[in-house]
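Single-letter residue listing:
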Amino acid sequence: MSRRPYVRPMKRTWFMDHPYYRNYMVREASCVFDALYAVNLFWGILQLGKGEEAWSSWLSFQANPLMILFTVVTLGMTLYHAVTYFDMTPRVLPQFIRKKVADNVVNKLMYAGLAGISVVILAAAALV
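Per chain, the residues get numbers from 1 upward, laid out in the order the sequence is written. Owing to the predicted nature of the model, reporting of local features is limited to residues with pLDDT of at least 70; listing and counting of side-chain atom pairs is limited to 80 or more, with chain, interface and lining totals taken over all residues. Note that the side-chain values use all heavy atoms of the structure and ignore hydrogens as well as water.

**Comments concerning a nonpolar patch on the surface**
Okay, so step 1: Patch construction takes residues with relative accessible area above 30% that form no salt bridge. Like charges are linked within 9 Å, and nonpolar side chains (Val, Leu, Ile, Met, Phe, Trp, Tyr) are linked within 5 Å. For accessible areas, the Shrake-Rupley method is used with a probe of radius 1.4 Å. Any residue's cover is judged against the shown protein chains and nothing else. Think of a salt bridge as a Lys or Arg side-chain nitrogen and an Asp or Glu carboxyl oxygen that are within 4 Å of each other. Together, Met-10, Trp-14, Tyr-20 and Tyr-21 make up an exposed nonpolar region whose accessible area comes to about 470 Å².
Okay, so step 2: One can find Met-10 in the segment before helix H1 (19-50).
Okay, so step 3: Owing to a relative accessible area of 57%, Met-10 belongs among the exposed residues under this scheme. Think of it this way: any DSSP run of H or I at least four residues long counts as a helix, any run of E at least two long counts as a strand, and we number them from the N terminus. With a 1.4 Å probe rolled over the protein chains alone, any residue whose accessible area is under 20% of its type maximum counts as buried; one over 50% counts as exposed, and the rest are partly exposed.

Spelled out as structure tokens, the structure:
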């Protein structure tokens, strides 16, 4: 008689069977793109500190079509992450808040905050 508990076999692609889990895994995988992009920007800051020649080399690397594609994919993944996060937020709020504020109000406030912060950042970039 065996004392080991039964462990149900699980496929490596278990999350592909249900759309909810598939979307969850895509949303969580988006952080990999953001981390790689952050490393890229950090490398750019290091190159800026090394001097004009290193900075120009990094800028020319950023003009590479593969880097442009990587930037566009990263932007898409980040926007997907933000949208799914905003849609999820009302469902995870504490009950006493959910009773007072409708879910669509929370979503609209989060999108308004994102738009407001984006306008402030774009205005600050335009001034520089």
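Read on, since the account is not over.
**Topic: the UniProt feature "transmembrane region" (unreviewed entry) in the protein chain**
Okay, so step 1: UniProt positions are given in the numbering used here, feature names are shortened, and annotations may be inferred rather than shown by experiment. Taking the UniProt record as the reference, the feature "transmembrane region" (unreviewed entry) is found at residues 21-46, 66-88 and 109-127.
Okay, so step 2: Annotated as 100% helix and 0% strand, the span residues 21-46 places its first and last C-alpha atoms 39 Å apart.
Okay, so step 3: Helix makes up 100% of residues 109-127 and strand makes up 0%, while its end C-alpha atoms are separated by 27 Å.

**Details of the packing of H1 against helix H2 (residues 52-62)**
Okay, so step 1: Close contact between H1 and H2 brings their axes to 7 Å; oriented N to C, the two are set at 150°. The orientation of H1 relative to H2 falls into the category roughly antiparallel. Note on element contacts: H2 touches H1 through Ala-54, Trp-55, Trp-58 and Gln-62, opposite Asn-40, Leu-41, Trp-43, Gly-44, Gln-47, Leu-48 and Lys-50.
Okay, so step 2: The residue classification treats Ala, Val, Leu, Ile, Met, Phe, Trp, Tyr, Cys and Pro as nonpolar and Asp, Glu, Lys and Arg as charged. All others, Gly included, are polar. Residue composition of the contact of H1 with H2, grouped by class: six nonpolar, four polar and one charged. Think of each axis as a best-fit line through the C-alpha atoms, taken over the contacting stretch in the case of a helix, with angles from 0 to 180 degrees between the N-to-C directions. An angle below 35 degrees is read as roughly parallel, one above 145 as roughly antiparallel, one from 65 to 115 as roughly perpendicular, and any other as oblique. In this description, contact between two residues means that some pair of their heavy atoms is separated by no more than 4.5 Å.

**Let's talk about H2**
Okay, so step 1: Taken together, the buried positions of H2 are Ala-54, Trp-58 and Gln-62. Summarising the axial view, the buried residues of H2 lie within an arc of 85°, below the 170-degree limit, and thus occupy one face. Residues of H2 that are exposed and angled more than 90 degrees away from the buried face: Glu-52 and Glu-53.
Okay, so step 2: In this fold, the buried residues of H2 make contact with H1 and helix H3 (65-92). In this description, one arc is meant: the one made by directions from the helix axis to the C-beta atoms.

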